[in-house]
Amino acid sequence: FMLYAGRNDPVAATRLLVSLLLLVLGVSMLTLGTAIVLAPSIMVFFHAPPDLFADAVLLLRVLSVIVAIALARNLFASVLYSHQRFAITSGTLLLGYLVYAVGIVVVLDAGMGLAGLAYVFIAQQAVGTMTIVPSACRHLSRRGIGFISRSELREFLGFTWKVQISGLLGALT
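What you see is a predicted model, and the numbers here were worked out from it, not measured in a lab. (Residues numbered from 1 in each chain as written. Predicted model: local features only at pLDDT ≥ 70, side-chain atom pairs only at ≥ 80, totals over all residues. Heavy atoms only, no water.)

To continue, consider the packing of aromatic side chains. Per the stated rule, a full pass over the model turns up three aromatic pairs. Consider the rings of tyrosine 100 and phenylalanine 121, whose centres lie 6.1 Å apart with planes at 10 degrees: the pair is stacked. Of the two residues, tyrosine 100 sits in helix α4 (residues 86–110) while phenylalanine 121 sits in helix α5 (residues 113–137), which places them 21 residues apart along the sequence. Judged by its relative accessible area of 33%, tyrosine 100 falls in the partly exposed class. Classification of phenylalanine 121 as buried rests on a relative accessible area of 17%. (Phe/Tyr/Trp six-rings, centres within 6.5 Å; stacked < 30°, edge-to-face > 60°. Helix = DSSP H or I, 4+ residues; strand = E, 2+ residues; numbered from the N terminus. Buried < 20%, exposed > 50% of the residue type's maximum accessible area, 1.4 Å probe, protein only.)

Dropping the structure here:
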């Protein structure tokens, strides 16, 4: 996104965003499908207490959706970062923490358990998404709705996996 921001090319940035959103959506659908089917078995494996079992299954399923939304939203945040709009993303992060803190207090006071925690996560992600996505759309173009070429995607993925591996190695070090 920084390359396209430097070129002042919102059409190319939009194509990259749409292509990556489709990739995230595909992987997320596989993850969500797996979570829907296997969540009860996972909770049995981890010996979830019977009184928390249904809520734990719900929370695991909700978390798979939350991760998908967060990944998609982070693509839009990357567009903002590439245009040096750090205040929006920082403010959204702080607002998300506020929603989380208030939500946890409300959920604990109401005795809503793990299901309540799932609702807090949903609210936190909704606030972040409603702030980041419209802000990033100002730097994108309707003319760019489409996909990047296969060669560009191959080049992009070839670079990004190396960045991911180096980040993982840095974390392990």
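That was the structure; now back to the text.
Bringing helix α2 (residues 10–45) into the picture now. Of all the bends in α2, the largest measures some 60 degrees and sits at leucine 38, one to four residues before the proline proline 40. Looking at the residues trailing α2, positive phi occurs at histidine 47, about 55 degrees. (Bend = angle between axes of the 7 residues up to and from the residue.)

This brings us to the nonpolar core. Inside soluble globular proteins, nonpolar side chains tend to come together where they are buried. One finds Phe1, Leu16, Leu17, Phe76 and Leu140 to be the most contacted residues of the largest nonpolar core, which totals 18 residues. Elements that contribute at least two residues to this core include exactly α2, α3 (53–82) and α5. Dropping the residues within four chain positions of it, leucine 16 is found in contact with Phe1, Tyr4, Ile148 and Phe156. Judged by nonpolar contacts, the second largest core, of nine residues, contains Leu59, Val107, Leu117 and Ala118. (Core = buried A, V, L, I, M, F, W, Y, C linked by side-chain atoms within 4.5 Å. Contact = heavy atoms within 4.5 Å.)

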